[in-house]
Amino acid sequence: MATKKLTTLCSFLATVSAGVVGFENEIYHESMVTVRASPNIALIKYWGKRDQILMLPHHSSISITLDGDNEVLYGDKNIKLFTTTSVLISNRLTHDELYINEELITSDDQSAHGLFRAIKILRDIADSREKMLIVSENLFPTAAGLASSASGIAALVFAVSMALKLDLSSRQLSIIARMGSGSASRSVIGGVVRWNSGLRDDGSDSFAQQIYSPNYWPEIVDLIAIVSLEEKKTSSRDGMAATVKSSGLYKERVRGVDERLQDLENAFREQNLAKLAKIVMIESNNMHATMLDTIEDLNRDTGSVIAGYTFDAGPNAHIITVKKYVGIITDRLSKIEGIKTLIMAGVGEGPRLLDSSDSLINREVLKPRDPSRAGALYTL
Ligand code: PMV
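Participant: Is there a simple way to think about the layout of surface pockets in this case?
Facilitator: Unfilled space is identified by rolling a water-sized probe across the atoms. Considering only enclosed or pocket space, the second largest pocket measures out at about 1200 Å³ in volume. Forming the walls of the second largest pocket are 40 residues, and the residues nearest its centre are Asp67, Asn70, Leu81, Asp222 and Ile224. If you list the elements that add at least two residues to the lining of the second largest pocket, you get strand 1 (30–37), strand 5 (61–65) and helix 3 (148–163). When the residues that make up the lining of the second largest pocket are grouped by side-chain class, the tally is 27 nonpolar, 7 polar and 6 charged.

Participant: Is there a simple way to explain the site of the ligand in this structure?
Facilitator: Around the ligand, a shell composed of Ala42, Lys45, Tyr46, Trp47, Ser149, Ser181, Gly182, Ser183, Arg186, Ser236 and Met240 is seen. Within the side chain of Ser149, an N or O atom sits 3.2 Å from an oxygen atom of the ligand. Protein chains bury 81% of the 380 Å² of accessible surface belonging to the ligand in isolation.

Participant: How should the packing of aromatic side chains be read in this particular structure?
Facilitator: Here the distance between the centres and the angle between the planes together describe a pair of aromatic rings. Across all of its chains, the model carries 4 aromatic pairs by this definition. Their ring planes at 85 degrees and their centres at 5.8 Å tell us that Trp217 and Phe268 sit as a pair that is edge-to-face. Note that Trp217 is positioned in the loop between strand 11 (208–212) and helix 6 (236–246) and Phe268 in helix 7 (residues 250–270), a separation of 51 residues in sequence. Residues Trp217 and Phe268 agree in their burial class; the two are buried.

Participant: Sorry if this is basic, but what is going on with the pattern of salt bridges here?
Facilitator: When their charged atoms lie close together, side chains carrying opposite charge are able to pair. Per the stated rule, a full pass over the model turns up 10 salt bridges. Taking the shortest distance from any N to any O, the salt bridge between Glu270 and Lys275 comes out at 3.0 Å. Given a relative accessible area of 38%, Glu270 falls into the partly exposed group. Overall, the relative accessible area of 34% leaves Lys275 in the partly exposed class. Here the salt bridges share partners, and the residues they tie into one network are Lys120, Asp124 and Arg129.

Participant: What's the story with the sheet that holds strand 10 (residues 192–195) in this structure? I'm lost.
Facilitator: One key point about sheets: their strands pair by backbone hydrogen bonds, in either a parallel or an antiparallel sense. Overall, antiparallel pairing links the 4 strands, which are arranged 2-5-10-11 in an open sheet. Among the strands making up the open sheet, the edge pair consists of strand 2 (40–44) and strand 11. Along the sheet, successive strands turn relative to each other by an average axial angle of 35 degrees, direction set aside. The pairing of strand 10 with strand 11 spans 4 bridges and is antiparallel. Among the inter-strand pairings, Arg194 is bridged to a residue of strand 11, identified as Gln209. Seen against the sheet, helix 7 touches strand 2, strand 5, strand 10 and strand 11 and runs at an angle of roughly 115 degrees to strand 2.

Participant: Would you mind showing me how to read the sheet that holds strand 9 (residues 132–138) here?
Facilitator: In space, the 5 strands of this open sheet follow the order 1-6-9-7-8, with mixed pairing throughout. Strands with a single pairing partner mark the edges of an open sheet, and in this sheet they are strand 1 and strand 8 (103–105). Averaged over all pairs of adjacent strands, the angle between strand axes in this sheet comes to 20 degrees, irrespective of strand direction. In this fold helix 3 packs onto strand 1, strand 6 (83–90) and strand 9, with an angle of close to 30 degrees to the strand it touches most, strand 6.

Definitions and limits used
- Throughout, a residue's number is its position along its own chain's written sequence, starting from 1.
- With the structure being a predicted model, the display of local features is reserved for residues of pLDDT at least 70 and the display and counting of side-chain atom pairs for 80 or more, all residues being used for whole-chain, interface and lining totals.
- Derived side-chain values reflect all non-hydrogen atoms in the structure, with water molecules and hydrogen atoms excluded from consideration.
- Grid points spaced at 1 Å and placed over the protein atoms alone form the basis of the search, with a cavity being a set where a 1.4 Å probe fits but cannot get out and a pocket an open set showing protein on both sides within 12 Å along at least five of seven lines. Lining residues have an atom within 4 Å of a point.
- Grid points are joined across faces, edges and corners, and a volume is the space filled by probe spheres set on the points.
- Helix and strand assignments follow DSSP, with helices taken as H or I runs no shorter than four residues and strands as E runs no shorter than two, numbered in order from the N terminus.
- Only Asp, Glu, Lys and Arg are considered charged, only Ala, Val, Leu, Ile, Met, Phe, Trp, Tyr, Cys and Pro nonpolar, and every remaining residue, Gly among them, polar.
- Near, as used in this document, describes a residue that has one of its heavy atoms within 4 Å of the molecule or strand being considered.
- Any pair of N or O atoms that falls within 3.5 Å is considered a polar contact. Within protein, one atom must be able to donate a hydrogen and the other to accept it, and sequence-neighbouring residues count only if both atoms are side-chain atoms.
- Accessible surface is estimated by sampling points in the Shrake-Rupley manner with a 1.4 Å probe; for residues, cover comes only from the protein chains shown.
- Here is the rule: rings of Phe, Tyr and Trp (six-membered ring for Trp) pair when centre to centre is within 6.5 Å. Planes less than 30 degrees apart are stacked, more than 60 are edge-to-face, and the remainder are tilted.
- Accessibility here uses a 1.4 Å probe with only protein chains present; expressed as a share of the type maximum, an area under 20% marks a residue as buried, one over 50% as exposed, and anything in between as partly exposed.
- In what follows, salt bridge is the name for a side-chain nitrogen of Lys or Arg lying within 4 Å of a carboxyl oxygen of Asp or Glu.
- Each pair of strands is called paired provided DSSP finds at least two bridges between the two strands.
- The axes are straight lines fitted to the C-alpha atoms, using for helices just the contacting stretch, and the angles between their N-to-C directions are given from 0 to 180°.
- The contact definition used throughout considers only heavy atoms, calling two residues in contact when any of these lie within 4.5 Å.

Shown next as structure tokens:
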């Protein structure tokens, strides 16, 4: 099923790509290119697929492609928002090799699945089996929510297509990048970019297009406040699949997204910051609300369900578990800064009558029996 879908996609792309140019006949059949691509920040987010194989989203999204010649206002001056990728295709190579950030990546590396997929599609279109050496470097932290997969895959698709001398349109590049990672479909294009979800089952109408050029509103900037460079624990792929599966709010999100897409386009057209700021916050909150409404993966570290949380109107967590797991959970919670006290309470009885010895009243003097004790009831 998966192979059939990919074969159909490749033949679709091959028929619309007229300009496949052959290698020049030199001593060595060699071609080398180096490209650079930047991440994008989605202002209307892509979150959830209707087709896992063809990476077709449930709804459209809009992003701005970021300028890799960014300025660092303070902090680590070395961060540059782009991926540089070099591809060498040569008949001197005996096997394929892919390096990302100086590490040799193999095809069984799950996180590079999308890259290998995109390379396969491009090779099939070019009908090439020549070996490739691909070296890719991010000048910013990988997988920390800065969309490294978008720039990484966009750079790779662009570089490999150039090295294979494929003359692909931005629409074709976007479709192939989409097969590597959804958000990458937008990073092969500059400016303000809209990825239309499309309606067709074969994904041929699901690609990104520029809606405003980078110069349309030159004043607009994205100030990125980096608080952590740690890799996120759940990939977007797994997170969105869990949301689609388990969130009741998700249907509501999909229902409202078309209006937000339109409002955002209008905000850009009018260059209206107040409108834009409001829509991007509503949208961000909306996506995060569906994430909060996602109940998969909570107990991923332990491999089975050992506890669930519930919050009332205040900030204190109640963790519902059974006694045999209290040790593991206490151990875990004790490492979280900010938890001052941990109380364990079982399921209790209703009101009950206590002995007169427990009375808080000194009947002789008609006063509280022990004021310090009474006070202790209210001081934690
Ligand atoms: O394309 P992925 O698998 O990296 O998912 C991207 C998801 C978000 O970054 C959260 C939103 C988006 O549209 O870029």
